[in-house]
Amino acid sequence: MRRFLVAGNWKMNTVRQSAVSLAAELSAVASTEEAGVEVLVCPPYPYLLPVGEALGGSAVRLGGQDVYFESPGAFTGEVAVEMLRDVGCQYVLIGHSERRAILGETDVVINRKVRAAIAGGLTVVLCVGEQLSERQGGQTEAVLDRQMEGAFAGISDSEALGIVIAYEPVWAIGTGVTASPEQAESAHEHLRKWLSRRYNPDFSEKTRILYGGSVKPDNALSLLGQPNVDGALVGGASLKSSTFVPIIEAARKLSG
Ligand code: 13P
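Now for a look at the structure at hand.

How each quantity is defined
- Residues numbered from 1 in each chain as written.
- Predicted model: local features only at pLDDT ≥ 70, side-chain atom pairs only at ≥ 80, totals over all residues.
- Heavy atoms only, no water.
- Salt bridge = Lys/Arg side-chain N within 4 Å of Asp/Glu carboxyl O.
- Helix = DSSP H or I, 4+ residues; strand = E, 2+ residues; numbered from the N terminus.
- Buried < 20%, exposed > 50% of the residue type's maximum accessible area, 1.4 Å probe, protein only.
- Near = heavy atom within 4 Å.
- Polar contact = N/O pair within 3.5 Å; in protein donor to acceptor, adjacent residues only side chain to side chain.
- Nonpolar A, V, L, I, M, F, W, Y, C, P; charged D, E, K, R; others polar.
- Pairing = 2+ DSSP bridges.
- Axes fitted to C-alpha atoms, helices over the stretch in contact; angles between N-to-C directions.
- Contact = heavy atoms within 4.5 Å.
- Core = buried A, V, L, I, M, F, W, Y, C linked by side-chain atoms within 4.5 Å.
- Phe/Tyr/Trp six-rings, centres within 6.5 Å; stacked < 30°, edge-to-face > 60°.

### A word on the pattern of salt bridges
Here comes step 1: Taken as a whole and assessed by the stated rule, the structure comprises 20 salt bridges.
Here comes step 2: Where Glu38 meets Arg61, a salt bridge forms, and the shortest distance between an N and an O atom there is 2.8 Å. One end of the pair, Glu38, is in strand β2 (residues 37-42); the other, Arg61, is in strand β3 (residues 61-64), and 23 residues separate them in sequence. Judged on exposure class, the residue Glu38 and its partner Arg61 are both buried.

Written out as structure tokens, the structure reads:
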């Protein structure tokens, strides 16, 4: 049985005060380790430290929204794996569609980031997903295959152990249009088969695959209830505890 991961990607949102209040509220909701559900928040870089402090000794994990692949040095504006570790991050998001589309991240860059993060001891949440035109053109599975092949190039099964995949159809991000539970399940099943072929069935069975794209309290239960959906990567609804906590509760209900 895979443990659910409910992750909040705060993107370029919050100010220090709202970030700290939200973290404090979540730390009260997920104060102790649970066998069935893990909670993660990924605040903007400047708030990692105060958010980590507000999370205190709770079970809520801290993650970065991105990372650079080089060791510390002359890379203005970038943040190294060591730095994320140093401020308390256990996780890092890599390959988010906004970084692919707006900031021009390629599969090659994403692969370098994944490799650096693994080597440095961070757990990677690798984001993949198709654009609307690609879905309409029947290209969804081919796009996912290309992104997976790119991201996992040269990575062995022992290195990749623990990596989390987030399936985020781009047309469902921030649009209020959610993939139907059937559409999500079908993509997740495809990704799990890919992992099984590329690595092995045991690795594939252990790997958590999250769904992301307009996850809200009212659709969380049906999405998380799919056999191959092991959690959620939540954007907008992760910015308030009143909408994020019910998503955690949905995972708790399904795991209990
Ligand atoms: P929304 O939940 O706002 O659609 O964002 C999803 C997302 O991109 C999470 O990484």
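### A word on the site of the ligand
Here comes step 1: Around the ligand, a shell composed of 13 residues is seen, among which Lys11, His96, Gly174, Ser214 and Gly236 lie nearest.
Here comes step 2: Between the ligand and the protein, one listed contact pairs an oxygen atom with a side-chain N or O atom of His96 at 2.8 Å.
Here comes step 3: Measuring from an oxygen atom of the ligand, one finds a backbone N or O atom of Ser214 at 2.7 Å.
Here comes step 4: For the shell around the ligand, the residue count by class is four nonpolar, seven polar and two charged.

### Some points on the sheet that holds strand β8 (residues 231-234)
Here comes step 1: Overall, parallel pairing links the eight strands, which are arranged β1-β2-β3-β4-β5-β6-β7-β8 in a closed barrel. Shown here is a sheet whose adjacent strand axes are inclined to one another by a mean of 25°, direction ignored.
Here comes step 2: The pairing of strand β7 (residues 209-212) with β8 spans two bridges and is classified as parallel. If you follow Gly212 over to β8, its bridge partner there is Leu233.
Here comes step 3: Strand contacts of helix α9 (residues 181-198): β5 (123-128), β6 (164-167) and β7, with the helix running at about 150° to β7, the strand carrying the most contacts.

### A word on the environment of Leu122
Here comes step 1: Mapped onto the elements of the fold, Leu122 is located in the loop between α5 (107-119) and β5.
Here comes step 2: As for Leu122 and Arg192, which are separated by 70 residues in sequence, their C-alpha atoms are 22 Å apart.
Here comes step 3: If we skip the residues at most four places from it in the chain, Leu122 touches Val81, Leu84, Arg85, Cys89, Gln90, Tyr91, Val92 and Ala117.

### Considering the nonpolar core
Here comes step 1: If you look at the biggest cluster of nonpolar residues, it comprises 69 residues, and the most contacted ones within it are Val51, Leu126, Met148, Phe152, Ile165, Leu195 and Tyr211.
Here comes step 2: The greatest single-element share of this core, amounting to six residues, is contributed by helix α12 (residues 241-255).
Here comes step 3: Ignoring anything within four residues of it in the chain, the contact list for Leu195 reads Met148, Phe152, Ile165, Asn200, Phe203, Ser204, Thr207 and Ile209.
Here comes step 4: Grouped together as the second largest cluster of nonpolar side chains are twelve residues, Leu40, Cys42, Ala166 and Leu233 included.

### Points about the pairing of β2
Here comes step 1: In terms of burial, β2 is a largely internal element, six of the six residues being buried.
Here comes step 2: Burial along β2 is two-sided: the residues Val37, Val39 and Val41 and Glu38, Leu40 and Cys42 are all buried.
Here comes step 3: Note: strand β1 (residues 4-9) against β2, six bridges, orientation parallel. When the bridges of β2 are listed, Phe4 appears paired with Val37.

### So, the packing of aromatic side chains
Here comes step 1: With the rule as written, the count across this model stands at six aromatic pairs.
Here comes step 2: Residues Phe152 and Tyr199 carry aromatic rings whose centres are separated by 5.7 Å and whose planes lie at 65° to one another, so their mutual orientation is edge-to-face. Highlighted residues: Phe152 in helix α7 (residues 140-152) and Tyr199 in the loop between α9 and α10 (201-206), separated in sequence by 47 residues. Assigned by exposure class, Phe152 and Tyr199 land together as buried.
Here comes step 3: Taken together, the ring pairs in this structure connect Phe152, Trp194, Tyr199 and Phe203 into an aromatic cluster.

### Focus: the pairing of β5
Here comes step 1: Counting buried positions along β5 yields five of six residues, so the element is predominantly enclosed.
Here comes step 2: As defined by bridge partners, strand β4 (residues 91-94) adjoins β5 across four bridges and the pair is classed as parallel. Looking across to β5, one finds that Ile94 is bridged to Leu126.
Here comes step 3: As paired elements, β5 and β6 share four bridges and run parallel to each other. Residue pairing across strands places Val125 opposite Val164, the latter belonging to β6.

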